[in-house]
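Examination of the molecular architecture
If you want the building blocks of each chain, they are given just below.
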Amino acid sequence: MKNILRTAVQRRRQFLIDKLLKVGVFKKEDRHLYEWTLTDLEEEYKYIETSSLAKGKLDQDSQLQQ
């Protein structure tokens, strides 16, 4: 059970890191994305998702995956 949860968290973290990298977020406050917690990544992704600057890139990426 522990391995399943750990794997799910790692996959979600990597998914969010990949999305943030695509819109140009590499680090913030001298902390690279790989140093962030899952919660930090989720919050930044939600912020970027609602931001009008990156919204087009995220929408475009979602369309490409379908």
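Summary of the structure given here. Sequence positions are assigned chain by chain, starting from 1 and proceeding in written order. Predicted model: local features are reported for residues with pLDDT of at least 70 only, side-chain atom pairs are reported and counted for 80 or more only, and whole-chain, interface and lining totals are derived from all residues. Note: side-chain values were computed over all heavy atoms of the structure, leaving out hydrogens and water.

1. A short note on the overall build of the protein
Counted only if it meets this: Only DSSP runs of H or I with at least four residues qualify as helices, and only runs of E with at least two residues qualify as strands; both kinds are numbered from the N terminus onward. It only takes one pair of heavy atoms within 4.5 Å for two residues to be counted as in contact. For accessible areas, the Shrake-Rupley method is used with a probe of radius 1.4 Å. Any residue's cover is judged against the shown protein chains and nothing else.
Broken down by element type, the protein carries three helices and two strands. Secondary structure elements in the protein, listed N-terminal to C-terminal, are α-β-β-α-α. Put simply, of all contacts in the protein between residues at least 6 apart along the chain, 45% involve residues at least 24 apart. Carbon and sulfur atoms form 53% of the exposed surface of the protein, whose accessible area is close to 5300 Å².

2. Focus: the pattern of salt bridges
The following threshold applies: Only one rule defines a salt bridge in this text: a Lys or Arg side-chain nitrogen within 4 Å of an Asp or Glu carboxyl oxygen. Burial status follows relative accessibility: with a 1.4 Å probe on protein chains alone, a residue under 20% of its type maximum counts as buried, one over 50% as exposed, and anything between as partly exposed.
Counted by the stated rule, this structure contains three salt bridges. Note that glutamate 42 is salt-bridged to arginine 12, the shortest N-O span being 2.9 Å. Of this pair, glutamate 42 sits in helix α2 (residues 38-50) while arginine 12 is found in helix α1 (residues 2-22), placing the two residues 30 residues apart along the sequence. A relative accessible area of 31% means that arginine 12 is categorised as partly exposed.

3. Re the nonpolar core
Operational definition: Nonpolar cores are built from buried Ala, Val, Leu, Ile, Met, Phe, Trp, Tyr and Cys residues. Side-chain atoms within 4.5 Å join them into one set.
In terms of nonpolar packing, the biggest core is built from ten residues, these being Leu16, Ile17, Leu20, Val23, Val25, Leu33, Trp36, Leu41, Tyr45 and Ile48. Residue assignment for this core shows that the elements contributing at least two residues are α1 and α2.

4. A look at the side chain of glutamate 44
Note on placement: glutamate 44 falls in helix α2. For glutamate 44, a relative accessible area of 10% translates into the label buried. Setting aside residues no more than four positions away along its own chain, glutamate 44 makes contact with Leu20, Val25, Lys28 and Trp36.

5. A look at α1
To be explicit about the condition: Expected span, for any helix, means 1.5 Å times one less than how many residues it has. Note that the arc is defined by the directions from the helix axis to the C-beta atoms.
For α1, with 21 residues, the first-to-last C-alpha span of 30 Å sits near the 30 Å given by 1.5 Å per residue. For α1, the set of buried residues is Leu16, Ile17, Lys19 and Leu20. Buried residues along α1 cover an arc of 165° about the axis, so they all sit on one side. Of the exposed residues in α1, those oriented more than 90 degrees away from the buried face are Asn3, Ile4, Arg11 and Lys22. A positive phi of about 95° marks glycine 24, the residue just after α1.

6. Here we look at α2
Over its 13 residues, α2 runs 18 Å from end to end, which matches the ideal 18 Å to within 8%, given 1.5 Å per residue. Of the residues making up α2, those classed as buried are Leu41, Glu44, Tyr45 and Ile48. Across the axial projection of α2, the buried residues extend over an arc of 100°, all falling on one side. Facing away from the buried side of α2, by more than 90 degrees, are the exposed residues Glu43, Lys46, Tyr47 and Thr50.

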